[in-house]
Amino acid sequence: MEQRLKGKVAIVTGANRGIGRAIAGRLAREGARVVLCARDEKLLKETEREIGAGGGSAAFIPADLRTPEAGARVADFAKTNYGQIDIVVNNAGATKRGDFLALTDADWQDGFALKFFAHTRLAKAAWPHLRERKGSVVLISGVGGRTPGAEFTIGGSVNAAVQSFGKALADRGAADGVQVNTVNPGDIRTDRFDRRLKAAMQSWGVDAREAEKRMVAEESLTRIGEPADVASLVSFIVSPRGSYLHGALIDIDGGKTKTM
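In this text the structure is predicted, and so the values were computed from the model without any measurement. The numbering scheme is per chain: residues are counted from 1 as the chain's sequence reads. Since the coordinates come from a predicted model, pLDDT governs what is reported: local features require at least 70, and pairs of side-chain atoms require 80 or more to be given and counted, while whole-chain, interface and lining totals use all residues. Water and hydrogen atoms play no part in the side-chain values, which are based on all heavy atoms of the structure.

Caption draft 1: Representation of the pattern of salt bridges. Only one rule defines a salt bridge in this text: a Lys or Arg side-chain nitrogen within 4 Å of an Asp or Glu carboxyl oxygen. The final tally for this structure, using the stated rule, is 21 salt bridges. As a salt-bridge pair, R66 and D110 come within 2.7 Å of each other at their nearest N and O atoms. Taken as a pair, R66 in the loop between strand 3 (57–62) and helix 3 (70–82) and D110 in helix 4 (residues 105–133) lie far apart in primary sequence, 44 residues in all. Assessed through its relative accessible area of 30%, D110 is described here as partly exposed. Taken together, the salt bridges that share partners define one network made up of D187, R196, E219 and K256. Only DSSP runs of H or I reaching four residues or more are called helices, and only runs of E reaching two or more are called strands; each is numbered from the N terminus. Note on classification: 1.4 Å probe, protein chains only; a residue is buried when its accessible area is under 20% of the maximum for its type, exposed when over 50%, partly exposed between these limits.

Caption draft 2: Structural view of helix 1 (residues 18–29). One less than the residue count of a helix, multiplied by 1.5 Å, gives the span that helix is expected to have. End to end, helix 1 covers 17 Å across 12 residues, agreeing with the expected 16 Å (1.5 Å per residue, within 8%). Here helix 1 lies mainly inside the structure; 10 of its 12 residues are buried. Taken together, the buried positions of helix 1 are I19, G20, R21, A22, I23, A24, G25, R26, L27 and A28. Backbone geometry just downstream of helix 1 places G31 in the positive-phi region, at approximately 105°.

In structure tokens form, the structure reads like this:
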């Protein structure tokens with residue numbers, strides 16, 4: 001693979017599984033040194049070993065990004081270990097689904113703490129280094145922020161806030177020389193999707209293949225996405241090939257979003 005990111009240092013949050021792990025691996029294969037951040041130390045170690053086995057360079061820091069000081073700790077760790085910060089991929093955060101009337105204040109606070117405030121705090125902590133390096137921020141949001149649903153009130157609200165934050169931060173970034181973009185994944189084959197698939201299998205009384213086929217047909221999708229699809233898009237954005245993208249909200253959802 002071409003080393004388009006050689007000499008760059010990237011922070012990837014939520015890097016222990018799914019989309020974040022795929023992004024971290026892709027950036028490393030393109031030559032970036034990667035700082036991995038998540039709560040699960042065991043899975044972070046596995047990701048670090050995986051990147052190392054492929055000839056890449058990675059270091060990890062376990063952190064609960066819901067805490068106010070975590071963003072600064074992660075940025076300091078990256079600067080101490082690698083001397084610079086060129087790329088920040090804010091990917092951490094999963095919110096609780098369910099009936100709005102059954103969701104508690106604690107559920108809402110947890111959703112905003114892990115996804116929205118984690119994004120803002122890390123971006124703020126890394127900003128001086130990104131400004132110095134003319135770096136790039138990618139916010140991983142979700143199509144639920146553009147097309148909310150009754151079972152996704154927290155996630156839709158948080159994702160919409162992240163998308164608005166991305167636009168506002170891009171305005172600052174234009175003045176400071178920092179690229180900012182937001183990526184909205186749709187149905188991606190992660191642990192969360194697997195849980196939805198199992199629920200569909202039970203509801204319809206069919207096997208996994210048939211359940212997935214029905215899910216794709218019901219939402220008029222081209223297919224279910226893979227973490228590697230999102231990783232490829234992120235690597236394009238932060239490479240020289242994507243340098244003219246700025247302030248964009250990019251849906252990668254197989255056609256799920258039907259609105260303008």
